[in-house]
Amino acid sequence: MMSAFRLSFVSLLIVLVNGCSIFSHSNSVERISSESGPVARASDGRYQNMFPGEKTYPVTCDENCYPAFEHLECSQHSDGCRFSANNEIPEIESGFTILWLGHASFLVTLPDDTKLLFDPVSDQFDWPIDWLHALNGGMTRRVPSWPDSATSGISAVLYSHLHYDHFNKADIAKLGNEPLYFVHQDTAGYLPQDGLDIKEVSWFSDYQLGSATISAVPAHHFNSRYWVPFLYNDDEKALWGGWLIENDGHTLFFAGDTGYSAHFKKIREHYGSIDVCLLPIASYYHPKYATWYRYVHTTPEDALTAADDLGCKVMIPWGYGNASWQMGDHSSHSPLKRLLKMHQKVNTSLPLVIMNEGESVSL
Ligand SMILES: [Zn+2]
């Protein structure tokens, strides 16, 4: 979706606005990096994926990928849907309670009430990108309804990358400087100056937060926020990735935006089999640039392969839904239909927990 964000004069305006925050409180930034942590940059100073190059995919849905399902009731074909079947909750007693806030946003609560907020975007894209998209008649979402608990008493906010559907300054303004902020390498400079306590963590490096260990892990994606034609772009100048949470011997993995690559196996090598996996299944479709879209976004069947690589005991899919922007999708719930179809077809024993936005589950 890089082209959607390449909005030159608006981006320039944002840079200027960022530079004008002379009355704000400085942030504190701690860089956390283990021996295996620092990630090499290319000669032009841009980051790269851990496993670049052409990909082959073990499984691909090639026919009848979006069948109707009895327990997925839609207002139109694959759009405006509600999943009504009871999930079979596996008895893993991980202690994680997971609230899906729509698109990529999750609130994960630990047994000691530590509250971790992932990729919070509660409304449209940051201003003025939201205006421009509204004027163009595209790239707006049905705004989800968030409970007060999603923004109050938050222990830590964790970001996967800087794309507008994952990183939103308006939400940072609402959350304030009470939570810690966890970001990937060279991202801290993008947060507004408001006395924020920022932990900039390298891949495979850890931070102890109470009883929980927070680890930054790779993703196979890209990064971009600002672009001025012929003059400037920040493509891949900040790193991207997922997060691995360990608490009381149990693990939860938030993948961030990612395509399928060998990095999933690397994560399992480091941390063992994962109890709870929050994996993206959307944004892989494009009529013209299908190869690129799948390169940086897992299809539903790629997510199932990734879950197998990770040894997930349960998978919660995200990216689809009524409150999604539906970038790179046929419709709001086409990715979920494809996931349900491929889950049956590949005959995996992996438990899926399917949620509607605003629902929570304790695993
Ligand atoms: Zn992205």
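Residues numbered from 1 in each chain as written. Predicted model: local features only at pLDDT ≥ 70, side-chain atom pairs only at ≥ 80, totals over all residues.

**Student:** Looking at this structure, I do not really get the overall build of the protein chain. What am I missing?
**Tutor:** Helix and strand counts for the protein chain come out as eight helices and 18 strands. Over its C-alpha trace the protein chain gives a radius of gyration of 19 Å, about what one expects of a compact globule, namely 21 Å for 363 residues. Taken along its principal axes, the extent of the C-alpha atoms in the protein chain is 55 × 45 × 45 Å. Within the span of the protein chain, comprising 363 residues, buried residues form 47% of the whole. (Helix = DSSP H or I, 4+ residues; strand = E, 2+ residues; numbered from the N terminus. Rg over C-alpha atoms; globule rule 2.2 N^0.38 Å. Buried ≥ 20, exposed ≤ 12 C-beta atoms within 10 Å, placed from the backbone.)

**Student:** Looking at this structure, how should I read the sheet that holds strand β11 (residues 212–217)?
**Tutor:** Hydrogen bonding along the main chain pairs the strands of a sheet, whether they run parallel or antiparallel. In space, the six strands of this open sheet follow the order β10-β11-β14-β15-β16-β17, with mixed pairing throughout. Looking along the sheet, the strands with just one partner apiece sit at the ends: β10 (206–209) and β17 (314–318). Going from strand to strand, the sheet's axes swing by 20 degrees on average, the running direction of each strand aside. Pairing of strand β15 (residues 250–254) with strand β16 (residues 276–280), which is carried by three bridges, proceeds in the parallel orientation. Across the sheet, the residue bridging to F254 is L278, located in β16. Along the sheet, helix α7 (residues 300–310) makes contact with β15, β16 and β17, crossing β16 at roughly 150 degrees. (Pairing = 2+ DSSP bridges. Axes fitted to C-alpha atoms, helices over the stretch in contact; angles between N-to-C directions. Contact = placed C-beta atoms within 7 Å.)

**Student:** Even after reading the chapter, I still don't get the environment of L336, so can you show me in this structure?
**Tutor:** Note on placement: L336 falls in helix α8 (residues 334–345). A count of 26 C-beta atoms within 10 Å places L336 in the buried class. Residues L336 and T291 lie 45 residues apart in sequence; the distance between their C-alpha atoms is 20 Å. For L336, the contacting residues outside a window of four places in its chain are L72, P317, Y320 and I354.

**Student:** Honestly, the nonpolar core in this entry has me stumped. Any pointers?
**Tutor:** Within soluble globular proteins, side chains that are nonpolar generally end up buried alongside one another. Formed by 83 residues in total, the largest nonpolar core has its most connected members in F106 and C277. Not counting the four nearest positions on each side in its chain, F106 is found in contact with I98, L99, W100, L101, F118, F254 and L278. (Core = buried A, V, L, I, M, F, W, Y, C linked by C-beta atoms within 7 Å.)

**Student:** Mind showing me how you'd approach the packing of helix α5 (residues 263–271) against α7 here?
**Tutor:** Two packed helices can be described by the angle between their axes and the distance between those axes. Orientation of α5 relative to α7, taken along the N-to-C sense of each, is 25 degrees, at an axis distance of 8 Å. Regarding the angle of α5 to α7, the classification is roughly parallel. Helix-helix and strand crossings are classified by hand; for α5 and α7 the assignment is right-handed. Mapping the contact onto sequence places F264, K265, I267 and R268 in α5 and A306, D309 and L310 in α7. Partitioning the contact of α5 with α7 into residue classes produces four nonpolar, no polar and three charged. (Parallel < 35°, antiparallel > 145°, perpendicular 65-115°, else oblique. Left-handed = near helix turned anticlockwise from the far one by under 90°. Nonpolar A, V, L, I, M, F, W, Y, C, P; charged D, E, K, R; others polar.)

**Student:** Would you explain the UniProt feature "domain: Metallo-beta-lactamase" (unreviewed entry) in the protein chain in this entry?
**Tutor:** Sites flagged by UniProt as "domain: Metallo-beta-lactamase" (unreviewed entry) map to residues 115–317. The straight-line gap between the two end C-alpha atoms of residues 115–317 is 20 Å; of that span, 21% is helix and 25% is strand. (UniProt positions renumbered as here; feature names shortened; annotations may be inferred.)

**Student:** For this particular structure, what's the right way to read the sheet that holds strand β8 (residues 180–184)?
**Tutor:** Spatially, β1-β9-β8-β7-β6-β5-β4-β18 is the arrangement adopted by the eight strands of the open sheet, whose pairing is mixed. With one partner strand each, in any of the chains shown, β1 (28–32) and β18 (360–362) form the two edges of the open sheet. Going from strand to strand, the sheet's axes swing by 20 degrees on average, the running direction of each strand aside.

**Student:** Got a minute to help me understand the packing of α7 against α8 in this structure?
**Tutor:** Where α7 meets α8, the closest approach of the two axes is 8 Å, and the angle between their N-to-C directions is 55 degrees. By the angle class used here, α7 and α8 are oblique. Regarding α7 and α8, the two cross each other, and that crossing is right-handed. Together, P300, E301 and L304 of α7 and P335, R338, L339, M342 and H343 of α8 make up the contact between the two elements.

**Student:** Could you clarify how one ought to interpret the pairing of strand β6 (residues 115–118) in this entry?
**Tutor:** One face of the sheet, then the other: side chains in a regular strand alternate in exactly this way. Burial along β6 is two-sided: the face carrying K115 and L117 and the face carrying L116 and F118 are both buried. As paired elements, strand β5 (residues 105–109) and β6 share four bridges and run antiparallel to each other. Counterpart to V108 in the pairing with β6 is L116. Here β5 folds back onto β6 in antiparallel fashion, the turn holding five residues, of which D113 has a positive phi close to 75 degrees.

**Student:** Would you mind going over the environment of Y285 with me for this structure?
**Tutor:** Relative to the elements of secondary structure, Y285 occurs in the loop between β16 and α6 (290–296). Distance in space between the C-alpha atoms of Y285 and I172 is 30 Å, their sequence separation being 113 residues. When residues no more than four places from it in sequence are discounted, the contact partners of Y285 are Y293, G328, D329 and H330.

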